[in-house]
Amino acid sequence: MNIGVISLGCAKNQVDLEEILAYLRRNGFETVSSPELSDAILVNTCGFIDSAKKESIKAILDMVETKKPVIVTGCLATRYLEELKKEIPEVALWIPLSDYPRFGEKLEALFADRTFQGQIDPLRREYISPKREAYLRISDGCNNFCRFCAIPYIRGRFKSVGFDVLKQELDVLEKDGIRSLTVISQDTSMYGRDIGTSLTELVKEIQKHESFDFVKLMYLYPDEVEDSLIDLFSHGSNVTPYFDLPVQHFSDHVLKAMGRRGTKTDILSLIERFRAKVKDPVLRTTILVGYPGETEEDFQECLAAIEKVQFDHLGCFTYSREENTAAYRMENQVPAAIKKERYRKVMALQKKISYRLNKERIGKTYKCLVTGYDAKNLCYDCVNPLYAADDIDGKMVLFSKTPLNPGDLVLAKVVNALVYDLEAEVVQILRKED
């Protein structure tokens, strides 16, 4: 049986889908790219903010139009399950996150002539990422309850994946030929505190897997980053000096209103410690503008801090008023036009910073892992120390006189800088993949 798949949302949602796809394959399904070739369609949804919800609903409605049985999974199907059942009765099957342990049982209600064996298994995945890349999800849920965020109400309270389970998963990833590992969760730096271990200990375990050329840690909550973790970046290991620190804001007034722990001084001190200890660090963050009660003074303070820090990469979001969050009921909601203008100013500043930093990289060389070939532009895609795996920051492309294959490790010199992207020429092949 053929099943078409549409996946939306974050990397955590992608890992869910990779486990689902492996389960479906074990039970006789083949994935196809075209709805016309499918016997059923699975839409894996995001329900985090308003734009993501709209995108998910549009995808569902578009697939319903195909008249094929539509299965909806993911965060939207969890957050608004009962409302969606009423609003879109044409959907054949809704499977919220809480029903994933009974995935086969739910599918049997739709495919009455089939019997599904086993359960979804985190050690068995159909990778969606480019060849040689994969995510390692180390926990689910969140305990922070930032007042703008619905994640704890969708994914539940924070729960670490067992250390032994992750050790097995690392072995599987290594056996599967993964060379670039991106460690993710809703709150990565919190890992292990509920099961008697820590992110530092997990990273030490990851370091034992020398076949990983790159290891990047995403979503580090600022006040949970320990010096012992920073030290692991500075030992010349495969832990990439890419520091993803979603600070959200720099005004203490706004940070407190958001329910964030720590202050601007704490954040700046952490960044200084990281830069002091780690050679050639890459810093990434996210900023949220237009939070209820954010004044022009607050915003200018945030802009000044962004100018001071000079982040390599910065993503900006306008506040989205989400039901059932504490901020939804707050007074002093910022008008949409002001939110939009503040977003524009942040991104205009970051555009200048990014372009300046990229120009400074011209002539420098970087280790790069080849992941694919872009026939249209006659260049290669790659993993490197400067960018996140999902190209959210931008990307570096490689030009090579010698044909390359996914998995090849090369040294490349930057020859051209764009605002967010870089172009580089291969100057040495460090390893050819078998």
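To start, this report covers the structure provided alongside it. (Residues numbered from 1 in each chain as written. Predicted model: local features only at pLDDT ≥ 70, side-chain atom pairs only at ≥ 80, totals over all residues. Heavy atoms only, no water.)

### Re the pattern of salt bridges
Argument step 1. Here the structure, examined in full by the defined rule, presents 37 salt bridges.
Argument step 2. When the shortest N-O distance is used, the salt bridge between K54 and D50 registers 3.2 Å. With K54 and D50 both in helix α2 (residues 50-64) and 4 residues apart, the pair spans about one turn of that helix.
Argument step 3. Assessed through its relative accessible area of 34%, D50 is described here as partly exposed.
Argument step 4. For R132, the salt bridge is made with E433, and the minimal N-O distance between the two is 3.2 Å. With R132 in the loop between α5 (103-110) and β6 (133-137) and E433 in the segment after β18 (422-431), this residue pair connects regions lying 301 residues apart in the sequence.
Argument step 5. With relative accessibility at 14%, the residue R132 sits in the buried group.
Argument step 6. According to the relative accessible area criterion, E433 is buried, its value standing at 16%. (Salt bridge = Lys/Arg side-chain N within 4 Å of Asp/Glu carboxyl O. Helix = DSSP H or I, 4+ residues; strand = E, 2+ residues; numbered from the N terminus. Buried < 20%, exposed > 50% of the residue type's maximum accessible area, 1.4 Å probe, protein only.)

### Some words on the pairing of strand β3 (residues 40-45)
Argument step 1. Burial analysis of β3 places 6 of its 6 residues in the buried class, the great majority of the element.
Argument step 2. The sheet contact formed by strand β1 (residues 2-7) and β3 spans 5 bridges and is parallel. Each bridged residue has a counterpart across the sheet, and for G4 the counterpart in β3 is I41.
Argument step 3. Direction of pairing for β3 relative to strand β4 (residues 70-74): parallel, over a ladder of 5 bridges. Residue pairing across strands places T45 opposite G74, the latter belonging to β4. (Pairing = 2+ DSSP bridges.)

### Quick look at the pairing of strand β10 (residues 214-217)
Argument step 1. Of the two faces of β10, the one holding F214 and K216 and the one holding V215 and L217 are both buried throughout.
Argument step 2. In this structure, strand β9 (residues 180-184) lies alongside β10, joined through 4 bridges in parallel fashion. By the bridge assignment for β10, S180 is matched with F214.
Argument step 3. Once you follow β9 into helix α8 (residues 199-207) and on to β10, the crossover reads as right-handed.
Argument step 4. Bridging between β10 and strand β11 (residues 239-244) involves 2 bridges; their strand directions are parallel. (Right-handed = clockwise from strand over helix to strand, strands pointing away.)

### Overview of the sheet that holds strand β15 (residues 379-383)
Argument step 1. Spatially, the 5 strands close up into a barrel ordered β14-β15-β16-β18-β17, and their pairing is mixed. If you compare each strand with its neighbour and ignore which way they point, the axes differ by 55 degrees on average. (Axes fitted to C-alpha atoms, helices over the stretch in contact; angles between N-to-C directions.)

### Re the packing of helix α11 (residues 264-277) against helix α12 (residues 296-309)
Argument step 1. It is at 12 Å that the axes of α11 and α12 come closest, and there the two elements cross at 10 degrees. Considering their axes alone, α11 and α12 lie roughly parallel with respect to each other. Taken together, the residues of α12 that come into contact with α11 (itself represented by K264, L268, I271 and R275) are E301, K308 and V309. (Parallel < 35°, antiparallel > 145°, perpendicular 65-115°, else oblique. Contact = heavy atoms within 4.5 Å.)

### Some details on the packing of aromatic side chains
Argument step 1. Overall, the coordinates contain 13 aromatic pairs when judged by the stated rule.
Argument step 2. Residues F243 and F274 carry aromatic rings whose centres are separated by 3.8 Å and whose planes lie at 5 degrees to one another, so their mutual orientation is stacked. Here F243 is found in strand β11, whereas its partner F274 is found in helix α11, with 31 residues between them in sequence.
Argument step 3. Accessibility expressed as a relative area gives 1% for F243, which makes it buried.
Argument step 4. On the accessibility criterion, F274 (0% relative accessible area) is buried.
Argument step 5. Summarising the aromatic geometry, the rings of F250 and F311 are spaced 6.3 Å apart at their centres and angled 40 degrees between planes, so their arrangement reads as tilted. Taken as a pair, F250 in the loop between β11 and α10 (252-258) and F311 in the loop between α12 and β13 (313-318) lie far apart in primary sequence, 61 residues in all. Accessibility classification places F250 together with F311 in one group, the buried group. (Phe/Tyr/Trp six-rings, centres within 6.5 Å; stacked < 30°, edge-to-face > 60°.)

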